[in-house]
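Notes for the structure review
Residue-level listing of the chains:
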Amino acid sequence: CSARLACDFPKAVKALRAALRYPQDDDVTAERARKELHFIETTLLKSSPFPNLDAYLANATLFDEAFVLLTKQDFEKAAQLFNRVLGENPKHVQSLGNLALAYAGLGRRAVAMECFERALALDPGYEPAIINQRMVAQMREGEPFIPDGVQETYYYLERLKRERSNPDAARNPASRGSTDPTTD
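Residues numbered from 1 in each chain as written. Predicted model: local features only at pLDDT ≥ 70, side-chain atom pairs only at ≥ 80, totals over all residues. Heavy atoms only, no water.

**Some points on the overall build of the chain**
A count of helical and extended segments in the chain gives ten helices and zero strands. When its helices and strands are written in sequence order, the chain yields α-α-α-α-α-α-α-α-α-α. Residues classed as buried in the chain amount to 41% of the 184 residues present. Carbon and sulfur atoms make up 51% of the accessible area of the chain, which amounts to about 10,600 Å² in all. (Helix = DSSP H or I, 4+ residues; strand = E, 2+ residues; numbered from the N terminus. Buried < 20%, exposed > 50% of the residue type's maximum accessible area, 1.4 Å probe, protein only. Areas by Shrake-Rupley, 256 points an atom, 1.4 Å probe, with all protein chains shown as cover.)

See below:
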């Protein structure tokens, strides 16, 4: 499934479930869909706090909604949704980084810096947080930090691709390329 290869798990799950709902004359497609769904569920749930795939996907959807609000500079609502994501998945590094940007947009520098610190405690090499933290550190408490724009990055997908193509990258964080500085 090309959606799985692109790490668009909600889209992949939807397509695979449709294949199961509308089986073809042969069982090959349905069996392949069942195996693929099992693989996705096993992979996603082994390192997450969610009891099932639907709970994981609901949280991912909430994250996406929060990110859209962040890009629209609706920082208050974005912060609320990122906090809900973190309520269910407190180790979600991207939510911590994006929550920091939402707080920075609200002028809450100290809270933003705490969020970056929490993200970096979970993943010390998380480049979007490192770069964004440097920018937010220069703001004054009470003065909103509003970037020219927030752009979506796929940091972990890109890192995985780099590590697969260059196994030394997994052992040497300095060999990792840089990412867009304005987003998680």
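**Focus on a negative patch on the surface**
Taken together, the side chains of Asp-8, Asp-64, Glu-65 and Glu-152 present a region of like negative charge at the surface. On the secondary structure map, Glu-65 appears in helix H4 (residues 53-71). (Patch = residues over 30% accessible without salt bridge, like charges linked within 9 Å, V, L, I, M, F, W, Y side chains within 5 Å. Salt bridge = Lys/Arg side-chain N within 4 Å of Asp/Glu carboxyl O. Lys, Arg positive; Asp, Glu negative; His and termini not counted. Charge placed at Lys NZ, Arg CZ, Asp CG, Glu CD.)

**Considerations on the environment of Phe-145**
Residue placement: Phe-145 occurs in the loop between helix H8 (127-137) and helix H9 (155-165). Considered as a pair, Phe-145 and Met-135 are ten residues apart in the sequence and their alpha carbons are 8.9 Å apart. Every residue in contact with Phe-145, bar those within four places of it in the chain, is listed here: Ala-104, Gly-105, Met-135, Val-136 and Met-139. (Contact = heavy atoms within 4.5 Å.)

**Some words on the pattern of salt bridges**
Applying the stated criterion to the full structure yields three salt bridges. Of the charged contacts in the structure, one is a salt bridge between Asp-54 and Arg-17, with a shortest N-O distance of 2.8 Å. Within this pair, whereas Asp-54 is found in helix H4, its partner Arg-17 is found in helix H2 (residues 9-21), the two being separated by 37 residues in sequence. Residue classification places Asp-54 among the partly exposed residues on the basis of a relative accessible area of 44%. The exposure class assigned to Arg-17 is partly exposed, which follows from its relative accessible area of 30%. Between Asp-74 and Lys-77 there is a salt bridge, and its shortest N-O distance comes to 4.0 Å. Its relative accessible area of 25% is what places Asp-74 among the partly exposed residues. Judged by its relative accessible area of 47%, Lys-77 falls in the partly exposed class.

**Some remarks on the packing of helix H7 (residues 109-122) against H8**
Running from amino to carboxyl end, H7 crosses H8 at an angle of 160 degrees, the nearest separation of the two axes being 10 Å. Between H7 and H8, the angle falls in the class roughly antiparallel. Our pair here, H7 against H8, has a crossing hand that is left-handed. In contact with Arg-109, Ala-112, Met-113, Phe-116, Glu-117, Ala-119 and Leu-120 of H7, H8 contributes Ala-129, Ile-130, Asn-132, Gln-133, Val-136 and Ala-137. Split into classes, the residues belonging to the contact of H7 with H8 amount to nine nonpolar, two polar and two charged. (Axes fitted to C-alpha atoms, helices over the stretch in contact; angles between N-to-C directions. Parallel < 35°, antiparallel > 145°, perpendicular 65-115°, else oblique. Left-handed = near helix turned anticlockwise from the far one by under 90°. Nonpolar A, V, L, I, M, F, W, Y, C, P; charged D, E, K, R; others polar.)

**So, the packing of H4 against helix H5 (residues 75-88)**
Between H4 and H5, the shortest axis-to-axis distance is 8 Å and the interhelical angle comes to 160 degrees. Classified by the angle their axes make, H4 and H5 are roughly antiparallel. Here H4 and H5 pass one another in a crossing that is left-handed. Within the contact between the two elements, H4 uses Asn-59, Leu-62, Phe-63, Glu-65, Ala-66, Phe-67, Leu-69 and Leu-70 and H5 uses Phe-75, Lys-77, Ala-78, Leu-81, Phe-82, Arg-84, Val-85 and Glu-88. Of the residues that constitute the contact of H4 with H5, the class distribution is eleven nonpolar, one polar and four charged.

**Observations concerning unusual backbone geometry**
Of note in the backbone geometry, Gln-73 takes a positive phi value of approximately 60 degrees without being a glycine. Positionally, Gln-73 belongs in the loop between H4 and H5. Taking the relative accessible area as the measure of exposure, Gln-73 reaches 37% and is therefore partly exposed.

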